[in-house]
Amino acid sequence: MEPDRKVLHWTVEGAAAEPDVLAGKASAEVSNLPSENEMTPELNAALSKIEAWQPLKETIRARAVNWLLSPEFRTVYYDDAHVPFAMKVALEKEMPRKKAQETWEKLQYLGQQTPELWEQYQQLATQGQVWFAVPLMTNPSFRTEPHALLPCGVIVATEQTSTDILLAGVFGMVAYDLYSGAGDDKKFPGTARIMSDDSYRLFYREAFPLSETQGSHFTLLCLLLRKSWMPPEDVPFIPLLAMPGPHGAVVQIPWHIAAGTPPLPGSVEPGRFAEIAAFDRMADQMLEEQRKKNQGCVGLLRKCWTIIYYICLAVFLLSILSALVVTIFEKLSGSKKAPEPQKRASPAVYSSPK
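The rules we used
- Residues numbered from 1 in each chain as written.
- Predicted model: local features only at pLDDT ≥ 70, side-chain atom pairs only at ≥ 80, totals over all residues.
- Heavy atoms only, no water.
- Phe/Tyr/Trp six-rings, centres within 6.5 Å; stacked < 30°, edge-to-face > 60°.
- Helix = DSSP H or I, 4+ residues; strand = E, 2+ residues; numbered from the N terminus.
- Lys NZ or Arg CZ within 6 Å of the ring centre and 35° of its normal.
- Pairing = 2+ DSSP bridges.
- Axes fitted to C-alpha atoms, helices over the stretch in contact; angles between N-to-C directions.
- Contact = heavy atoms within 4.5 Å.
- Polar contact = N/O pair within 3.5 Å; in protein donor to acceptor, adjacent residues only side chain to side chain.
- Expected span 1.5 Å × (residues − 1).
- Buried < 20%, exposed > 50% of the residue type's maximum accessible area, 1.4 Å probe, protein only.
- Arc of directions from axis to C-beta.

### Focus: the packing of aromatic side chains
Thought 1: In the structure shown here, the tally under the stated rule is 20 aromatic pairs.
Thought 2: Ring geometry for Tyr-176 against Tyr-179: centres 5.9 Å apart, planes inclined by 50°, an arrangement best described as tilted. Taken as a pair, Tyr-176 and Tyr-179 lie in helix α8 (residues 162-180) at a separation of three residues, close to a single helical turn.
Thought 3: Among the aromatic residues, ring-to-ring pairing joins Trp-67, Phe-73, Tyr-77, Tyr-78, Trp-118, Tyr-121, Phe-203 and Trp-229 into one connected group.
Thought 4: Here the basic side chain of Lys-57 rests over the ring of Phe-132, its NZ or CZ set 4.7 Å away from the ring centre.
Thought 5: Across the ring face of Tyr-204, the terminal group of Arg-201 is positioned such that the distance to the ring centre comes to 3.8 Å.

### Observations concerning the sheet that holds strand β2 (residues 149-157)
Thought 1: Across the sheet, six strands lie side by side as β3-β4-β2-β1-β5-β6; this open sheet has antiparallel pairing. Each end of this open sheet is capped by a strand with a single partner; those strands are β3 (205-207) and β6 (250-252). Sheet twist, expressed as the average angle between the axes of neighbouring strands with direction ignored, equals 40°.
Thought 2: Across five bridges, strand β1 (residues 129-138) lies against β2 in antiparallel orientation. Residue pairing in the sheet places Thr-138 in a bridge with Cys-152 of β2.
Thought 3: Sheet contacts for helix α3 (residues 57-68): β1, β5 (238-242) and β6; angle to β1, the most-contacted strand, approximately 80°.

### Notes on the environment of Gln-160
Thought 1: Here Gln-160 lies in the loop between β2 and α8.
Thought 2: Each C-alpha atom, one on Gln-160 and one on Phe-132, is 7.1 Å from the other, the two residues being 28 residues apart in sequence.
Thought 3: Engagement of the side chain of Gln-160 in a polar contact is seen with the backbone nitrogen of Phe-132, the distance being 2.8 Å.
Thought 4: Polar side-chain contacts of Gln-160 include one of 2.9 Å to the backbone oxygen of Ala-157.

### A word on α3
One turn of an α-helix holds 3.6 residues; hence residues three or four places apart share an orientation.
Thought 1: If you check α3, its first and last C-alpha atoms are 16 Å apart, about what 12 residues at 1.5 Å a residue would give, namely 16 Å.
Thought 2: Within α3, the full set of buried residues consists of Lys-57, Ile-60, Arg-61, Ala-64, Val-65, Trp-67 and Leu-68. Relative to the axis of α3, the buried residues are bounded by an arc of 160° and lie together on one face. Within α3, the exposed residues directed more than 90 degrees away from the buried face are Glu-58 and Asn-66.

### Regarding the pairing of β1
Thought 1: Burial analysis of β1 places eight of its 10 residues in the buried class, the great majority of the element.
Thought 2: In the sheet, β1 pairs with β5 via five bridges, with the strands oriented antiparallel. Residue pairing across strands places Trp-131 opposite Leu-240, the latter belonging to β5.

If you want it as structure tokens, here you go:
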């Protein structure tokens with residue numbers, strides 16, 4: 001978990017040494033991205049490895065989508081990465097209300113399980129792209145807790161060409177120097193500002209200034225990584241499934257999924273919130289069933305009301321029609337009667353003059 005205050009993870013007293021696969025072997029002397037003529041044998045080897053995996057991106061994506069739509073994704077990843085609302089209820093039962101509220105608030109950086117959040121992951125199945133990211137920084141517990149999802153930072157090249165991915169790794173050395181306090185923050189003020197805040201923010205992305213990346217589009221991503229899902233050390237990238245664009249969901253593709261190999265023992269156990277999340281989903285299912293039942297009753301009542309309405313309307317119309325028929329019939333009957341003889345008026349009586 002993230003410390004209560006913002007810190008540089010690798011300057012924390014007593015923190016474990018940074019894993020080689022994430023270190024990048026940063027050097028304070030690195031200040032410019034290499035040209036093709038300045039490529040070292042190590043960089044050429046890394047470039048060849050990236051180029052070898054590039055044609056497999058569609059295969060990796062298909063495997064990642066199958067994993068994303070499987071029950072395993074929900075119980076192993078989602079129930080470990082995000083906290084269910086039932087956790088709040090459980091905390092209130094186990095500890096004083098004030099402490100429970102404080103603990104609950106501290107867990108919010110992970111993001112609460114909601115239908116909207118789940119939908120963001122489901123969108124990855126249809127719109128997500130496979131990105132090869134390069135490691136930048138990670139939580140101190142990354143080595144000691146290999147099966148834990150921990151807050152980390154990676155750099156992604158927008159163009160995703162093999163050369164851009166490699167250059168993103170080289171720029172990561174510059175960024176890491178600034179992160180650890182050994183870089184030139186006057187030469188890279190924008191990068192220094194970005195790297196000064198290592199707090200985890202859900203689905204956070206921020207582009208590095210183009211003036212400091214020699215025009216290359218590099219972006220810092222915050223995400224949760226699991227060491228037992230990382231590629232071998234000779235693979236210079238981390239496969240991700242991410243929504244394209246400046247924002248959106250992103251998830252680490254476990255290496256056993258990307259490569260189609262068996263998972264490491266203990267790496268696919270149910271998440272830390274799996275049992276509590278099961279209660280949440282059970283409650284949601286009960287509410288949904290009750291809603292459907294209510295909708296069924298309401299639907300039946302609506303049908304009955306509709307039938308009654310049309311019956312009353314029919315009766316009303318029939319009564320009006322009957323009245324009209326009677327009126328018309330009476331008029332027709334009256335027009336057929338023989339006219340009565342008119343009485344002659346009596347002659348007027350005049351008084352005689354006196």
